[in-house]
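Architecture at a glance
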Amino acid sequence: MRSGTPGLRSALAGGSFTRRLLGDVMYGTERRVANIPITKWTLTGDIDAEVKYGGSATITYAGDFAESYTPHQLADALAAYGQELHLYMEISDNNFVERVTMGKFPIEAVPKASDAQLLFRDRVITIGSTVEVTLLDRFLRVRRARFRSLEQPASLVSAWAELARISRLQVTRNVADVAIPATVVYDRDRLKACQLLAQILGGVAITTADGTLTIHPDAAGAVVGSLELGEDGTILDVDYSMESDGVINVAVGDFEDANGMPIHVESQITSGPLSITGPYGEYVDEYSSDKSLITTLAAAQAAVDSMLALRSTPSSYELPVDCILNPLYELGDVVTVERMDRIITGRIRKTKMSESGPMSLQLGVISDIPK
């Protein structure tokens, strides 16, 4: 969860505030433009996407010297060749103004740009530029910087150190460090290699609002917020849904030991509503995560057992929620949804917010308890 003062949290809970998105245009370490206003924007997050955070922004800006901000050269301020927008959301009410850092986003593309111009004393004067940009987080650069040849870890001592080396990003260490198995080899996909190391560390690699790389742990953390229905609540709309797609009762896996001999293991549910002999029938899926780390029968069995436990819980569904904007929420945050009849605890898997209207969240449900 992004940081915020008690005053900010109080204003967000009350829902009576205004929002404004601003950005600093950066080119390397050089700040080209400060506090540039973003007139129309959408920011999204998706834990299942390769690049987790992204969005679009429309910048309408008039420079102090009637210059154009429509990019024509590769090094222009709003070009898509290494330039970044460092975004801040300004939340204000009658009592205070506070900024929330939203992220550091390389400009991936400029789909459209134009200048408003007039003729003044035989000179063409630019009175403003409107530039639309497409944004992705810094994993964009990691994805593009594929390995030039097949590689192995430079050292097996520290997964965190190796993650920092191959991602070329600063890291925020939030889980315990571990050694890297000797069997790990990278193909040319650098971002995939980062996710392999994240898997060894026990989670998924993700960028933070300050642009560093950290781990979204597989295990959910403590609840950081509550969304409530009712006259004074923050939820505007919530649907109750149930989906059987992806809820399995048989997990299988095929692996190889250190000598290349095959290992086949299975795990299944034999009692309860998801029993393989019950009305639900069999729903089989194969272990598809990186298998190079698993070279023994015990490890193989533990992997498919863990997969089955994760994929067979009755609450393995996602809950869409529309709520009052809260820019502090990030992917992976655990929140509760308090309905009239039940309390649902879920982990944020998708986010979407824009210059107006509510924020949309997609929660991966952890528990669903009747009141």
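Residues numbered from 1 in each chain as written. Predicted model: local features only at pLDDT ≥ 70, side-chain atom pairs only at ≥ 80, totals over all residues. Heavy atoms only, no water.

Moving on to the pairing of strand S3 (residues 53-61). Burial analysis of S3 places 7 of its 9 residues in the buried class, which makes it a mostly covered element. One ladder, built from 7 bridges, connects strand S2 (residues 30-46) with S3; its direction is antiparallel. Bridge pairing in S3 links Lys-40 to Thr-58. Between S2 and S3, which pair antiparallel in sequence order, lie 6 residues. When S3 meets strand S6 (residues 123-136), the two strands line up antiparallel, connected through 8 bridges. Residue pairing across strands places Tyr-61 opposite Ser-129, the latter belonging to S6. (Buried < 20%, exposed > 50% of the residue type's maximum accessible area, 1.4 Å probe, protein only. Helix = DSSP H or I, 4+ residues; strand = E, 2+ residues; numbered from the N terminus. Pairing = 2+ DSSP bridges.)

Moving on, we get to helix H3 (residues 159-167). Looking only at H3, the buried set comprises Ala-159, Trp-160, Glu-162, Leu-163, Ile-166 and Ser-167. For H3, the angular spread of the buried residues around the axis is 160 degrees, confining them to a single face. On its buried face, H3 is in contact with helix H2 (139-144), helix H4 (190-201) and strand S8 (213-217). The backbone nitrogen of Trp-160 has a side-chain oxygen 3.4 Å away, supplied by the residue at the start of H3, namely Ser-158. Note on H3: the residue one or two positions beyond its end, Arg-168, has a positive phi of about 65 degrees. (Arc of directions from axis to C-beta. Contact = heavy atoms within 4.5 Å. Polar contact = N/O pair within 3.5 Å; in protein donor to acceptor, adjacent residues only side chain to side chain.)

This next bit is on the side chain of Lys-52. Positionally, Lys-52 belongs in the loop between S2 and S3. For Lys-52, which is buried and forms no salt bridge, the nearest opposite charge comes from Asp-48, at a distance of 6.4 Å. Side-chain polar atoms of Lys-52 contact the backbone oxygen of Ile-47, separated by 2.8 Å. Once residues lying within four places of it in the same chain are set aside, the contact partners of Lys-52 are Thr-44, Gly-45, Asp-46, Ile-47, Asp-137, Phe-139, Gln-195, Val-204, Ala-205, Ile-206 and Leu-331. (Lys, Arg positive; Asp, Glu negative; His and termini not counted. Salt bridge = Lys/Arg side-chain N within 4 Å of Asp/Glu carboxyl O.)

Moving on, we get to the environment of Val-304. Looking at the element boundaries, Val-304 is found in helix H5 (residues 297-311). Sequence separation between Val-304 and Tyr-287 is 17 residues; the distance between their C-alpha atoms is 6.4 Å. Those residues in contact with Val-304 that sit more than four places away from it in its chain are Ala-251, Val-252, Gly-253, Phe-255, Val-265, Glu-266, Ser-267 and Tyr-287.

Moving on to the sheet that holds strand S13 (residues 284-286). If you trace the 3 strands from one edge of the open sheet to the other, you get S12-S11-S13, paired in mixed fashion. Strands with a single pairing partner mark the edges of an open sheet, and in this sheet they are strand S12 (262-268) and S13. Taken over all neighbouring pairs, the strand axes of this sheet differ in orientation by 20 degrees on average, direction set aside. Across 7 bridges, strand S11 (residues 250-256) lies against S12 in antiparallel orientation. Along S12, the bridge assignment pairs Gly-253 with Val-265. Helix-sheet contacts for H5 involve S11, S12 and S13, and the interaxial angle to S12 is about 30 degrees. (Axes fitted to C-alpha atoms, helices over the stretch in contact; angles between N-to-C directions.)

Under the definition given, this model contains 3 aromatic pairs. Consider the rings of Tyr-61 and Tyr-69, whose centres lie 5.2 Å apart with planes at 80 degrees: the pair is edge-to-face. Each of the two residues, Tyr-61 as well as Tyr-69, counts as buried. A centroid spacing of 5.5 Å and a plane angle of 50 degrees characterise the contact between Phe-255 and Tyr-287, whose relative ring orientation is tilted. Of this pair, Phe-255 sits in strand S11 while Tyr-287 sits in the loop between S13 and H5; the two residues are 32 residues apart in sequence, bridging distant segments of the chain. Judged by relative accessible area, which is 11%, Tyr-287 ranks as buried. Its end group placed over the ring of Tyr-88, Arg-99 keeps NZ or CZ at 5.3 Å from the ring centre. Its guanidinium or amino end placed over the ring of Phe-255, Lys-291 lies 5.6 Å from that ring's centre, counting from NZ or CZ. (Phe/Tyr/Trp six-rings, centres within 6.5 Å; stacked < 30°, edge-to-face > 60°. Lys NZ or Arg CZ within 6 Å of the ring centre and 35° of its normal.)

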